[in-house]
Amino acid sequence: MLERVPLLEKELDHYSAVVGDDVIAAIREAAESLRGARVLHVSATAYGGGVAELLATHVPLLRSVGIESEWQVLHGSDEFFAITKQVHNALQGADIEWTPAMQRTYLERILDNALLLEDGWDFVVVHDPQPAALLHFLRDNPGFSSGRTRWIWRCHIDLTVANPTVWEFFRPFVELHDASVWTMAEFVPASLKMNHVEHLPPCIDPLSVKNLDLALPFCIELTRQYGIDTKRPIICQISRYDPWKDPVGVIDAFRLVREQVPDAQLILAGSMATDDPEGFRVWEETEAARAGDKDIHLLSNLHQVGSVQINAFQRIATVMVQKSLREGFGLTVSEALWKGRPVVGGRAGGIKLQIRDGQSGFLVDSVEDCARRIIDLLADPVGAEAMGSEGREHVRSQFLSTRELLDWLELLGSLR
Ligand code: UDP
C-alpha cells in the first residue's frame, strides 16, 4: 500500500453558517448517487504546498457525504523528488535537460509505487505530474481497468509555456486518464488529446486552522513573538521558498516601499516541503538578499510557523503580497482576501482569477509596480479595508471548499 495520510474529521453541515443551507442541500443531492463509492486521491507529498492543503479538507468532506475516500502519497526518494521538482519547473517553462537517466529513475519509482497500490477504487484522482505515469503500469490490471476504475488527472500548474520535451514525455501518460481537471482553461496545452477536460479552480477551507476567525489580541501576541512590531505597517508574503514565488523580488519591492514608508516591516514566511529540495537553496538566496536587515523577517516552519501563525500574519498584515512570476492558483491569495486583507499579486495564472484588479487588490508586473501598489494601499487605509471586504465576498462566492466539493461530485457523477 502507498502511505495513507491521516486526516481530521470535517462535517459538511458546519459550513452552512458560512455558505448557507442551500449550498449544503445542493451538495447532499449531488452526493446521493455516489453514496458508497470509493475514491482515492494520490499526490506526491502530505505536507507543504497547495495540493496538501486542498486534500486535507476535500477528502474529509467527501467522507462526510458518504463517499469512502482516502488520500495516499507516493514513496519517493531524494533523487526522485529532485527529478520531479525539475519536471515541475520545466512544465512551468524552465529549460532543463531531460535525460534518459532521469526518465528511467522517474519511471522505475512510479512502477514501484504502482505495484504497491491497492485496487478496488471507483475513482482514482492523480495530482500533478509526479504520479502521472501510475496508470501506464496499471491499465492492464483488471483491478484498475477503465471499466472498473475511472482515472482523473488533476493538474494544478500552469502549462502555458511548458518545456515541449518534458510535456511530450508526460502527455501520453496523461491521455490514458478518463478526464483531466485544470485550474484555468488557458493552462491546457493545445496538443492534449482528451475528450473530457474540465476547468475547476481550487479553494480554501474557511473552517481550517489556517482560516478560522482568530481574535485580534491573539494575532498580535503571536506576531509579536517573532520580534515584529504590530503598531508599524506590515507587508507579508506567505510562500514556499521557490524561485517562481520571487521572494527576492519581494525584498526588492520592500526596499523601494521603505524609501517612502521608513517604518515598514516585511514578513516572508514559507515552509520547506518534503518534495522540494530546491527550497533550501532559495532560502539561502533570500537570506543573502535580506543582508541582515532587521525589519525583514525571514521565517519558515523551522521557526514554528504553522497554520495558526500564518493565519495570524495574514490577519495582522497591512498589505499582503503574492508576487509570483508563475502560479497555478495561489491559495495564499484567497486566504488573505478571506481575512479581509487587500492583496498585491503578480499577474500570473490563478492569481488573476482571485484579485479583481483595483477592486480587491492589484495585479502587478514588476518590482516597481509592486512597490507602487503597496505604497498606495499603505497611504489609503480606508480604501484598503474596502478592497479587503470586496475580496472576502468574492472568495465566499467562488473559492470556498464547498464550491469545489460540489464541482467534484458533479464531475464524478458524470463519469460513472
Ligand atoms: N503555506 C504554509 N506554510 C508556509 C507557506 C505556505 O502552510 O510556510 C501554505 C499556504 O498558506 C497555502 C499553501 O501552503 O495554503 C500554498 O499554496 P499555494 O497554492 O499558494 O502555492 P503552492 O505552494 O501550491 O505553489
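Refer to the structure presented above.
Per chain, residues are indexed from 1 in the order of the written sequence. For this predicted model, a pLDDT threshold of at least 70 governs which residues receive local features, and a threshold of 80 or more governs which side-chain atom pairs are given and counted, while totals over whole chains, interfaces and linings are taken from all residues. Hydrogens are left out, water is left out, and the side-chain values use all remaining heavy atoms of the structure.

J.: How would you summarise the site of the ligand if you had to cite specific residues and measurements?
T.: Definition of nearness: a residue and a molecule or strand are near each other if at least one heavy atom of the residue lies within 4 Å of the molecule or strand. Near the ligand lie 16 residues; those nearest to it are Gly 50, Lys 210, Arg 240, Ser 271 and Glu 335. Counting of polar contacts relies on pairs of N or O atoms within 3.5 Å, with two restrictions inside protein: one atom must be capable of donating a hydrogen and the other of accepting it, and residues adjacent in sequence are counted only when both atoms are side-chain atoms. A distance of 2.6 Å is found between an oxygen atom of the ligand and a backbone nitrogen or oxygen belonging to Ser 271. Interatomic distance of 2.4 Å between a side-chain N/O atom of Glu 335 and an oxygen atom of the ligand. Here the ligand has 540 Å² of accessible area as a free molecule, and 88% of this is covered by the chains. Secondary structure elements are taken from DSSP: a helix is a run of H or I of four residues or more, a strand is a run of E of two residues or more, and numbering for both begins at the N terminus. Of all the secondary structure elements, the ones that give two or more residues to the shell around the ligand are helix H3 (50-64) and helix H12 (331-338). If one sorts the elements of the shell around the ligand by residue count, H12 sits on top with 3 residues. Basically, the charged four are Asp, Glu, Lys and Arg, the nonpolar ten are Ala, Val, Leu, Ile, Met, Phe, Trp, Tyr, Cys and Pro, and anything else, Gly included, counts as polar. The residue inventory of the shell around the ligand, partitioned by class, reads 4 nonpolar, 6 polar and 6 charged. Each accessible area value is a Shrake-Rupley result obtained with a 1.4 Å probe; residue values ignore everything except the protein chains displayed when judging cover.

J.: Could you give an account of the packing of H12 against helix H15 (residues 381-398), naming the residues involved and the relevant values?
T.: Remark: H12 packs on H15, axes separated minimally by 7 Å, with the N-to-C direction vectors making an angle of 120 degrees. With respect to each other, H12 and H15 are oriented oblique. As for how H12 packs across H15, the hand of that crossing is left-handed. Where H12 abuts H15, its residues Ser 334, Leu 337 and Trp 338 lie against Gly 388, Gly 391, Arg 392, Val 395 and Arg 396. Here the contact of H12 with H15 is composed, by residue class, of 3 nonpolar, 3 polar and 2 charged. Lines fitted to C-alpha atoms define the axes, with helix axes restricted to the stretch in contact, and inter-axis angles between N-to-C directions lie between 0 and 180 degrees. Here the angle decides the label: under 35 degrees means roughly parallel, over 145 means roughly antiparallel, 65 to 115 means roughly perpendicular, and every other value means oblique. Handedness of a crossing is defined here by the sense of rotation of the near helix relative to the far one, left-handed for an anticlockwise turn of less than a right angle and right-handed for a clockwise turn. Pairs of residues are marked as contacts when any of their non-hydrogen atoms sit within 4.5 Å.

J.: So what about the nonpolar core? Which residues, and what values?
T.: Among the buried residues, those of types Ala, Val, Leu, Ile, Met, Phe, Trp, Tyr and Cys that are joined through side-chain atoms within 4.5 Å form a nonpolar core. Burial classes: relative accessible area under 20% of the type maximum marks a residue as buried, over 50% as exposed, and values in between as partly exposed (1.4 Å probe, protein chains only). Residues Phe 123, Ile 152, Ile 267, Phe 313, Trp 408 and Leu 409 are the most contacted members of the largest nonpolar core, which totals 61 residues. Looking at which element gives the most residues to this core, the answer is helix H16 (residues 401-415), with 7 residues. Once residues within four sequence positions are removed from consideration, Phe 123 is found in contact with Leu 34, Ala 37, Arg 38, Val 39, Leu 40, Thr 149, Arg 150, Ile 152, Leu 412, Leu 415 and Arg 416. Ile 96, Leu 135, Phe 144 and Leu 159 belong to the second largest nonpolar core, which has 44 residues in total.

J.: Tell me about empty space enclosed by the protein, and please be specific about residues and values.
T.: Method remark: on a 1 Å grid restricted to protein atoms, a set of points is classed as a cavity if a 1.4 Å probe fits but cannot get out and as a pocket if it is open with protein on both sides within 12 Å along at least five of seven lines; lining residues have an atom within 4 Å of a point. Grid points are joined across faces, edges and corners, and a volume is the space filled by probe spheres set on the points. Within this structure, the stated rule accounts for 3 cavities of 30 Å³ or more. Space inside the largest cavity adds up to approximately 70 Å³. Contributing to the lining of the largest cavity are Glu 53, Leu 54, Thr 57, His 58, Cys 203, Ile 204, Asp 205, Asn 211, Leu 331, Ser 401 and Glu 404. Listing elements by their share of the lining of the largest cavity, those giving two or more residues are H3 and H16. Here the lining of the largest cavity takes 4 residues from H3, the largest share from any one element. Its residues placed into classes, the lining of the largest cavity shows 4 nonpolar, 4 polar and 3 charged.

J.: Can you tell me about the side chain of His 156, naming the residues and giving the values?
T.: Within the secondary structure, His 156 sits in the loop between strand S5 (150-155) and helix H7 (164-175). A polar contact of 2.9 Å, which involves the side chain of His 156, links it to the side chain of His 127. Leaving out residues up to four positions away in the same chain, His 156 has contacts with Val 51, Leu 54, His 127, Asp 128, Thr 183, Gly 328 and Phe 329.

J.: Tell me about the environment of Lys 245, residues and numbers included.
T.: Mapped onto the fold, Lys 245 is located in the loop between strand S8 (234-238) and helix H9 (247-260). Taking the relative accessible area as the measure of exposure, Lys 245 reaches 12% and is therefore buried. As a C-alpha pair, Lys 245 and Gly 330 span 85 residues in sequence and 9.6 Å in three-dimensional space. Filtering out sequence-adjacent residues up to four positions away, Lys 245 remains in contact with Gln 237, Ser 239, Arg 240, Gln 322, Lys 323, Ser 324 and Glu 327.

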